[in-house]
Amino acid sequence: MAGKDEKGKSKSKSALVCGYPISIFFIVVNEFCERFSYYGMRAVLVLYFKYFLRWDDDLATTIYHTFVALCYLTPILGAIVADSWLGKFKTIVYLSIVYALGQVVLAVSAIHDITDTDHDGTPDNMTFHVALSVVGLLLIALGTGGIKPCVAAFGGDQFEDHQEKQRSTFFSIFYLSINAGSLLSTVITPILRAQECGIHSQQKCYPLAFGVPAALMVVALIVFIVGSGMYNKTAPQGNIMVKVCNCIGFAIANRFRHRHSTYPKRAHWMDWAEEKYDKLLIAQVKMVVKVLFLYIPLPMFWALFDQQGSRWTLQATTMNGDFGVLVIQPDQMQTVNPILILVLVPIVDSVVYPLISKCKLNFTPLKRMTVGMFLAALAFVAAGLVQIQIDQSLPTFPSGTESQVKFLNMLDKPLDIKAGPQSFKLDAFTANNDYLTFENSFSLELGPGAIYPITPSDGSRSTVVILQDGPLPRPVVFDDITAKPEQGANAIRFFNGLGCTLNITVGNLDFKGVSASDMSKYLTLPHGNAEFLIKNNTGEECVYNEQLGFGSSYVLIIPPTFTFGPNCGQEIRQVIDIRPNSVHMAWQIPQYFLITAGEVVFSVTGLEFSYSQAPSNMKSVLQAGWLLTVAVGNIIVLIVAEAATLEDQWAEYILFASLLVVVCITFAIMAHFYTYTDPSKIEAQFRRMDPEDKWKNMDGKDSVERGKEEKYSDSSSDEEEDITQTKL
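What counts, and where the lines are drawn
- Residues numbered from 1 in each chain as written.
- Predicted model: local features only at pLDDT ≥ 70, side-chain atom pairs only at ≥ 80, totals over all residues.
- Heavy atoms only, no water.
- Helix = DSSP H or I, 4+ residues; strand = E, 2+ residues; numbered from the N terminus.
- Buried < 20%, exposed > 50% of the residue type's maximum accessible area, 1.4 Å probe, protein only.
- Contact = heavy atoms within 4.5 Å.
- Areas by Shrake-Rupley, 256 points an atom, 1.4 Å probe, with all protein chains shown as cover.
- Lys, Arg positive; Asp, Glu negative; His and termini not counted.
- Charge placed at Lys NZ, Arg CZ, Asp CG, Glu CD.
- Phe/Tyr/Trp six-rings, centres within 6.5 Å; stacked < 30°, edge-to-face > 60°.
- Lys NZ or Arg CZ within 6 Å of the ring centre and 35° of its normal.
- Patch = residues over 30% accessible without salt bridge, like charges linked within 9 Å, V, L, I, M, F, W, Y side chains within 5 Å.
- Salt bridge = Lys/Arg side-chain N within 4 Å of Asp/Glu carboxyl O.
- 1 Å grid on protein atoms, 1.4 Å probe; cavity = no way out; pocket = protein on both sides within 12 Å on 5 of 7 lines; lining within 4 Å.
- Points joined across faces, edges and corners; volume = space filled by probe spheres on them.
- Nonpolar A, V, L, I, M, F, W, Y, C, P; charged D, E, K, R; others polar.
- Pairing = 2+ DSSP bridges.
- Axes fitted to C-alpha atoms, helices over the stretch in contact; angles between N-to-C directions.
- Parallel < 35°, antiparallel > 145°, perpendicular 65-115°, else oblique.
- Left-handed = near helix turned anticlockwise from the far one by under 90°.
- Disulfide = S-S within 2.5 Å.

Draft legend 1. Representation of the overall build of the chain. Helix and strand counts for the chain come out as 18 helices and 27 strands. A burial count over the chain gives 52% of its 728 residues as buried. Long-range contacts, defined here as pairs at least 24 residues apart, represent 73% of the contacts in the chain between residues at least 6 apart. Carbon and sulfur atoms make up 60% of the accessible area of the chain, which totals about 32400 Å². Measuring between centres, the 56 positive side-chain charges of the chain sit 11 Å from its 69 negative side-chain charges.

Here you go:
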C-alpha cells in the first residue's frame, strides 16, 4: 500500500531488478517512444508544409520554427504545473494524452483522400487540412514541451538517497534511449514518407510518416500508465521559478517606488527585495541573474542550429542523394548530426580538451562556447558556398514578363531557323540545348513561305515542334513545366513522331494513348532505372530503359524512322529540358560537421558552466532560461525568413553567419569581464552570517579568478539529478 514519508513521496513497493527499481524500465521505454514520436514527426515536417500544404519555402520555414519555439516555451508551463499543482506523474499522463491526440490529428490532416473529391491526388479543401495541421501541432507543442521537464526528474524520484550509483546509471540509459529514439526515427520516417499510398490516387505517404510516430506516442502513454502502481510519486511542493520571478518583480517594483534621490542607494538592485524576501534567497537570485545575463546573446546560436530541419533540408531537396549502395532522402541528412555527436563527444572530451590542457592554454568554459558559436557561423558559410554551387546548376526560369522557347526539329533533314533576332540550325530529330528567352511575340521563319507568328504567354516555357505539313514545315507549340519537379522526382513525356497511336507505360503508370505527331502528358518518376514499354495497335512492343537522376525533365522522341525490334531503344532520342541535380548531398557533410562540433563545445559546455555557477536549489530556473534561448532563437529565424528581402538563399546563409559572428564577438567581450563564483561558498557564508549582515556585498572573497576554476562538488543527490536532467 502506498504511504507518505517525510519528504512527501507517495511510496509504492517496486520490485528490484539487478538493484534497480523495475519502475524505471517503464520510464525508459516511455522516453524512447516519445522521442521517436517527436523527432520522427519533426524530420518530415518542413517537406509536409512544402509539398502537401503547398506552402513556399519562407512560409514553411516560418511555421516550422514557430512550432519548435512553442515546443521550447511550454516546458516552463509544464514545470510550474507539475511542481505547484498536479505533480510529475499526473502532468506526464494528462499532457501525454494531449500529445498523442495531437499526433493523431496531424496524421489525419495528411490524408489527401479526405477532401480529394475529383481523385486527382490533390486535396480540394486545403483549408481543412491546414486547420487540422495547426491544431495538431499546437497540441503536440503543448504535450512534448509540458512533459519535457518532468520525465527525467520523475525517473530520478524512483531511487532512494543511497542509490546514487544506480541513479547515475539510469540517467545514462535514459540519455541513450533519447538518442536511440531520435536517431532511428530520423532514419525511418523519411523512408515511410517516400512510400506512395492512397485510396484513389497514390501520393507520398505523409499519413504513414505521421501515423507511426502517433502510434509510438500512444504506446509510450500506455507503457507509462501500466507502471503506475510501481512509481514513487512526489507530491507538489511549489515551483522555485515562481518564487524567483516574484522576488525579481518585487525588487523592480520596490526600486521604482523608491526612485527618488532622497532614498539611499543599495549595492545591488536585487537588494530592494529585502523588505519581503530572505537575504539568502536574494543572494541566490543574484547568482542566477548573473548567469542569465550571459544567456542574452545565446539565441543566435540556436537560430542557426535549428535550421538543419528547415533550410538545410530544403537545400537537400535540390541535391543528388545517390550514394551508390543507398539513396538518401533529403530529410534523412539530419541523421548526420546525431551520428556525429556520438563520434565527437568522446573525442572532444578524451582527446581535444586534454591536449589543450597540456599545451597550458586557459580554455575556459566561456571561451569554449565562443568557439562553438564561431564554428556554427563557419557552418553557414559552408552552406552558403554549397548553395552557390546549387544555384549555378539550377535552370533559369522566365520572369513574369518573359517567355522561354525551345525548338525541336522533327523533319528528316537539317533546318535553318530564325526566331525573332536569333538564327540557328537544327539537325534532324534534335532540339537546341537551351531555351531561348523572349520578352515579346516574335516571328518564326522556317524557310521561304514558312513564316509564322509565335505568341507565348508571359512567364511560360514552351517547346515548338516543327513538323512536315505538305511542302512546308509547320510549328506546333506545347507547354513545358516552369519549375523543377518536386521531391527529387523526374518529369518525363514522349513525343510520338510515328504515323500511328502508341500506348506507353512505365511500371503501373500509363501515358495513355499518344497520338501521331503529338506530345504525351508528363509523368513523374522516381530516381533509378525506368523501364518504358511501348506498344502499337498491332501488338508490337519495344522496351526502352532510361537511368533517371533527381529533379530532371526529359522529352523522349520517337522519330518517324522508328522501327520495333531488339534494338528499338537505340532509336529513341532524348531531349533534356531540365538537367538533374548535379551537386551531391555529400557536400552537406562539412556544414553538418561544423555545426555539430559547435554544438558539442557550445551546448554541453554551456550547461555545465551554467550549473556550476548557480545555487543548488535553482537548477530548474537555469534550465528554463536555457530552453528559452532555444525558443527565442527559433523566433529569430521566422522573423528573418519573413522580413528579409534577399532573393538568393546563399545570401541569407551569409547573413545569419555574419549576425552570429557579431554576437560571438559580443559574447567574447561579456565573457572577458565575467568573474567566476562558487555558489556553495556564497551560500555557506550566508548561512553562517547573522540575518542582519546577509545583505552585504558578496564581491571579493566569493569571486574565483578565471584561471583558478575549481571543480565543484555537491553531495546532494537532488542536485546531481537536476544537473543530469538538464544535460539531457
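Moving on from the model shown.
Draft legend 2. Structural view of the packing of aromatic side chains. By the definition in use, this model includes 43 aromatic pairs. Ring geometry for W302 and F305: centres 5.5 Å apart, planes at 90°, overall edge-to-face. Residue W302 and its partner F305 are both found in helix α10 (residues 299-305); the two are separated by three residues, about one turn of the helix. Like W302, the residue F305 is buried in the burial classification. Ring centres 5.6 Å apart and planes at 45° place the aromatic pair F407 and F424 in the tilted group. Of this pair, F407 sits in strand β8 (residues 403-409) while F424 sits in strand β10 (residues 422-426), and the two are 17 residues apart along the sequence. Put simply, the rings of Y48, F49, F52, W55, Y206 and F210 pair up and form one aromatic cluster. For the cation-ring pair, K233 lies above F89, with the distance from its terminal atom to the ring centre recorded as 4.1 Å. Directly above the ring of W272 sits R266, whose terminal nitrogen or CZ lies 4.1 Å from the centroid.

Draft legend 3. Broad picture of unusual backbone geometry. Of note, the phi angle at F429 is positive, near 60°, even though the residue is not glycine. Locating F429 in the fold gives a position in the loop between β10 and β11 (430-431). Judged by its relative accessible area of 7%, F429 falls in the buried class. Even without glycine at this site, Q487 takes up a positive phi of about 55°. Examined against the element boundaries, Q487 turns out to sit in the loop between β16 (472-480) and β17 (490-496).

Draft legend 4. How the structure looks around a nonpolar patch on the surface. A cluster of nonpolar residues, V104, V108, I114, F128, V218, I222 and V226, forms a patch on the protein surface that exposes about 530 Å² of accessible area. The leading source of residues in the nonpolar patch is helix α7 (residues 206-226), at three residues. Tracing the backbone through its elements, the reader meets V104 in helix α4 (residues 88-109).

Draft legend 5. Broad picture of the layout of surface pockets. If you add up the space inside the second largest pocket, you get close to 1500 Å³. At the level of elements, α2 (45-52), α6 (164-194), β6 (203-204) and β21 (523-525) are the ones that each hand at least two residues to the lining of the second largest pocket. A breakdown of the residues in the lining of the second largest pocket according to their chemical character gives 23 nonpolar, 15 polar and eight charged.

Draft legend 6. Summary view of the sheet that holds strand β19 (residues 509-514). Strand order in the open sheet formed by four strands is β19-β18-β22-β23, and the pairing between neighbours is antiparallel. Sheet topology places β19 and β23 (541-548) at the edges, where each strand pairs with a single neighbour. The mean inter-strand angle of the sheet, taken between neighbouring strand axes irrespective of direction, is 20°. Where strand β18 (residues 502-506) and β19 come together, four bridges link them in antiparallel fashion.

Draft legend 7. Structural detail: the packing of helix α1 (residues 23-43) against helix α5 (residues 126-156). Put simply, α1 and α5 touch, their axes get as near as 11 Å, and they point 150° apart. The orientation of α1 with respect to α5, classified from their angle, is roughly antiparallel. Handedness of the α1/α5 crossing: left-handed. On the side of α1, the interface is formed by I24, I27, N30, E31, E34, R35, Y38 and M41, while α5 contributes L137, I140, T144, I147, K148, V151, F154 and G155. Its residues assigned to classes, the contact of α1 with α5 comprises nine nonpolar, three polar and four charged.

Draft legend 8. Representation of the state of the cysteines. For the structure shown, the criterion picks out two disulfides. Across the disulfide, C197 is cross-linked to C205 (sulfur-sulfur distance 2.0 Å). An S-S torsion of about 105° defines the bridge between C197 and C205 as right-handed. Looking at C205, the relative accessible area reads 6%, which means it is buried.

Draft legend 9. Spatial organisation of the pattern of salt bridges. Under the defined criterion, the tally for this structure stands at 14 salt bridges. Between D271 and K286 there is a salt bridge whose closest N-O contact spans 2.7 Å. Pair noted here: D271 is in the loop between α8 (240-257) and α9 (279-294) and K286 is in helix α9, with a separation of 15 residues, a long-range link. Accessibility classification places D271 together with K286 in one group, the buried group. Salt bridges here are not isolated pairs; linked through shared partners, they connect D58, R311 and E652.

Draft legend 10. Broad picture of the environment of E445. Within the secondary structure, E445 is located in strand β13 (residues 442-445). Residues E445 and V226, spaced 219 residues apart in sequence, show a C-alpha to C-alpha distance of 80 Å. Beyond its immediate sequence surroundings of up to four residues, E445 is in contact with D416, I417, K418, A450 and I451.

Read these as spatial facts, not as claims about activity.
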